[in-house]
Structures are given as structure tokens and as C-alpha cells.
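# Observations on chain architecture
Each chain, written out:
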Amino acid sequence: MPIHTALRALLLSMPVIMPAAAAQAQTRATVAGAPNTDIWLARIGRRDNAVIVQPPRNLTKREGYDNQPSFDARGRTIYYTRRAPNALLPNTERDVQTDIWSYALNGSSHVPVTVTAESEYSAQVTPDGNAITVIRVERDSAQHLWRMPLTTGGTAERLVGRVKPVGYYAWVGPKVVMFVLGAPATLQLMDTTSGMIDTIARDIGRGVKRVPGTSRVSFVQKAGAQWFIDELDITTKAVTRLVATLPMVEEYTWVDSTTMLAGTGTTLQTWRRGQTGWTVAADLSYAPLTDISRVTIDPTGSWLAFVAVPAAPACPTGTCRRSSKAVIRR
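Overview of the structure. Fair warning: this is a prediction, and the values are worked out from it, not measured in the lab. (Residues numbered from 1 in each chain as written. Predicted model: local features only at pLDDT ≥ 70, side-chain atom pairs only at ≥ 80, totals over all residues. Heavy atoms only, no water.)

Time to look at unusual backbone geometry. In this structure, Pro165 follows Lys164 across a cis peptide bond, with omega equal to -10 degrees. The residue Pro165 is located in the loop between strand 11 (157-158) and strand 12 (166-172) in this model. Phi at Gln68 is positive, roughly 55 degrees, even though this residue is not glycine. (Helix = DSSP H or I, 4+ residues; strand = E, 2+ residues; numbered from the N terminus.)

Turning next to the packing of aromatic side chains. In this structure the tally under the stated criterion is two aromatic pairs. An angle of 5 degrees between the planes, with centres 6.4 Å apart, marks the rings of Trp40 and Phe306 as stacked. Remark: Phe306 occurs in strand 26 (residues 303-310) and Trp40 occurs in strand 1 (residues 38-47); sequence separation between them is 266 residues. Judged by its relative accessible area of 0%, Phe306 is buried. Over the face of the ring belonging to Trp101 we find Arg82, whose NZ or CZ atom lies 4.7 Å from the ring centre. Sitting above the plane of the Trp227 ring, Lys222 keeps its charged end 4.3 Å from the centroid. (Phe/Tyr/Trp six-rings, centres within 6.5 Å; stacked < 30°, edge-to-face > 60°. Buried < 20%, exposed > 50% of the residue type's maximum accessible area, 1.4 Å probe, protein only. Lys NZ or Arg CZ within 6 Å of the ring centre and 35° of its normal.)

Turning next to the sheet that holds strand 13 (residues 175-180). Two strands in a sheet stick together by hydrogen bonds in their backbones, pointing the same way (parallel) or opposite ways (antiparallel). Read across the sheet, four strands follow the order 12-13-14-15 without closing on themselves; strand pairing throughout is antiparallel. For this open sheet the edge positions go to strand 12 and strand 15 (197-202), each flanked by a neighbour on one side alone. Taking the axes of each pair of neighbouring strands and ignoring which way they run, one obtains an average angle of 20 degrees across the sheet. Where strand 14 (residues 186-191) lies against strand 15, five bridges are found, and the strand directions are antiparallel. The residue bridging Leu189 from the neighbouring strand is Asp198, located in strand 15. (Pairing = 2+ DSSP bridges. Axes fitted to C-alpha atoms, helices over the stretch in contact; angles between N-to-C directions.)

This is the structure:
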């Protein structure tokens, strides 16, 4: 039986697990400041040295927090973080935590993947497609990396118990590179087979991404008001500087092993190895939307998903004219 069906069947029989008071207070504070964000989806294609982005559509389109999209290995399903009522919690607490939801790109409905009394964030599908890894905010407010099965017969398990609080992460085989909160935040590399842990960098940002097709991971290195994207070779542990980030932007994605894409305001911007800065590539204000943040491209290179704040149309319906596509120059 699929995990979604099993979860629904269990909801009426499972006891309510109350989080600790400290965790409740922290979660309520987070919710109070959470933005109204939606996930947008656009089909992309390639022609010569350009990526063609078709007009995006608002995939979630509701009041509330929908964020942190990621694709499965085949590019057929999006997993994301949603704040929505949770039947495992009493009425006063149902809206103050998050679960992982999914949406199949064939047009099926949005469904919950995790329904727990804790909050889960930052889902990534494992290479075998049988589970997701998530950041779970546990009842004592600790943030750990967990593995949660997508099929019946599996058991959720904490993967990195010695490292906390984990915020973001990237997998390279059995090794995981983690953004660990603290003063300052650190980049830590753990071999989950041997248990060895190395601290690679300090004062980093949350943008930790695997470089496609390589054993390298990129991350945001902060140096006062100037931020950079650096690249870590997890085998040699050598760090190479790539480029300065867009101003105050920690989120980006890799189009392929040579090109990055990031969003700011209503624009998408690109950087390619060998360039010294970013190039404005597409303006999506016609959507209408603003404050583009997290961006991700599916492994097949067919879909772009990103997070943005919905905005009021710039002109009345039917009076605006726009191009049917935007071209991202690479």
C-alpha cells in the first residue's frame, strides 16, 4: 500500500504526540514570520547556447507557506514543504508545523508524504527512489537529518545523530555535506559509513548544492557584506572560489556542471564557469510574481521549479501583452 494511503489509514488510530513547550514556542514564532510563498513550475528546453523557459504556472496557489521544492530522479514528482492543518495535533497547534507534500507532474492532486507531530523540511529523494531524507525538527527543537520511507515496510530513522542542528545538506554517495547552524554556521562533511566528520568552512550560507555529475559540492561562503559561491571537492577537501553571489542571495541551482541559475526580484540570472559575474537572463514579472528565491531544475533538464511571492497583476486581465517565452542566455 502506498505511504499516502497508509498514513491516512493510521491517522484515526495514532495517539496525539504533544511537542515540548519550548518547541511549540519556537515553531509559533517561526510561523508568525513565515511569508506567503508559492511554488511555480515551468517547462524548459534547450536551443544552441540558450535555455528556453516557457511561461510558469503557480503550482500551489494558496494562502500559506509552500517552499523548498525538489524533484525525484526521473523528474516526474515534486516534493516540497507545506504548512497545513495536521490531524495529529490539537486544534491550537495544527497550523504551526510543516510536513512534506508531493505533486506528480502528470496532474494528480497534492498529497501529504509525511504526517507527523514534528516538522519536516528540505526533502530530497534517495537515489533508489524508496525514501526521502529530510530535516526533522524534533520535540526538543533539535534539527536532525532523517530518512523516511516512501514505501510500506520501512522505518523512519535518524541518519546523523551526532550533528545538530542541521539546516541544509547535499548527498554525494554515502557522504553528506551539511549546513550546521551555530555562531557561526559551519559546513561539515560526514562519511555516514565510517562516521568521520570534518568541519570544512565557517560562516557559511544555506545554499549547499551538489554539482551535477561530479563529486563536488558548492556552498555560500560569507565574508562580511560580500558573499561567494565556493566549490568543495569532497575527495581532496580542496575548496575553490567560483563567483560572488547576487547581492544577499543564498539560493541557486545548477543547470549542469558548468552553469548556475539564481533568482532575485522577478529575474532569473545565470553564471557560467569562466565568467566573472551574473547575467540577467529573464524577467518573469508578467506571471505575476516577485521575490524569487529557491530554484531547482529536475535531473532530466525538462522542468524548472522555483519559489516566489504572488503579486497583483500589473494591468487588468486581458489588457497585458507579453512574450510567450523567456530565453535564458548561457
